[in-house]
Amino acid sequence: MPVAALLTKLFRKPYRSVNPQQAAALITDGAVLLDVREPAEWRAGHAPRARHIPLGQLTARLAEVPADRPVITVCRSGARSRQAATLLAREGRQVHNLTGGLRAWTGAGMPLQGKGSRPGRLA
C-alpha cells in the first residue's frame, strides 16, 4: 500500500461530519440525535427529540445507544461530540458528528427546548 494511502487510512475520521441541515434530514429519516453535554447544559436547552448521555457516562451506557439506526453526536461546540463519535464508531455504530455543535444548530435557526418543552437556551 502506498504511504499516502496508508496515512489516509490511519488518520481519517471513523465517522462522517454533518452540518445542521444534514443532521435535521438524518433525524427526519430516523437517526438518533445524541447530546453528550453535561446535565446542567442539557436542562438549559437541547434539540427537540435528542437523547442525553453525558460523554463521561457513554462507555457505561453504550447499550442505550441504538445499534440499528444512525446516531448523530452533538455537544456545545463539537469537541466532546467528536470524542463520542469516535467511541461509537469503534463500537460499530453508524455515526455522524454535528460540526459546530449546538452553536451551529442554533445559528442555522434550529430550535432548542428547555424543561417542559419551553424554549431553551444554549448554556
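Rules used throughout
- Residues numbered from 1 in each chain as written.
- Predicted model: local features only at pLDDT ≥ 70, side-chain atom pairs only at ≥ 80, totals over all residues.
- Heavy atoms only, no water.
- Salt bridge = Lys/Arg side-chain N within 4 Å of Asp/Glu carboxyl O.
- Buried < 20%, exposed > 50% of the residue type's maximum accessible area, 1.4 Å probe, protein only.
- Helix = DSSP H or I, 4+ residues; strand = E, 2+ residues; numbered from the N terminus.
- Arc of directions from axis to C-beta.
- Polar contact = N/O pair within 3.5 Å; in protein donor to acceptor, adjacent residues only side chain to side chain.

Visitor: Whenever I open this one, the pattern of salt bridges confuses me. Can you help?
Guide: Side-chain pairs of opposite charge can arise where the charged atoms are in close proximity. Counting across every chain of the model gives three salt bridges. Residue Asp35 pairs with Arg37 through a salt bridge whose shortest N-O separation is 2.8 Å. The exposure class assigned to Asp35 is buried, which follows from its relative accessible area of 0%. Its relative accessible area of 0% is what places Arg37 among the buried residues. Where Glu64 meets Arg61, a salt bridge forms, and the shortest distance between an N and an O atom there is 2.9 Å. Among the residues examined, Glu64 registers a relative accessible area of 42% and is labelled partly exposed.

Visitor: Just checking my understanding: could you explain helix 2 (residues 20–28) for this structure?
Guide: Helical geometry note: an α-helix holds 3.6 residues per turn, so side chains three or four residues apart project in the same direction. Three or more residues of helix 2 are buried, namely Pro20, Ala23 and Ile27. The buried residues of helix 2 occupy an angular sector of 60° when projected down its axis, which confines them to one face. Two or three places before Gln21, at the opening of helix 2, Asn19 has a side-chain oxygen 3.0 Å from that residue's backbone nitrogen. Phi turns positive one or two residues past the end of helix 2, at Gly30, with a value near 115°.

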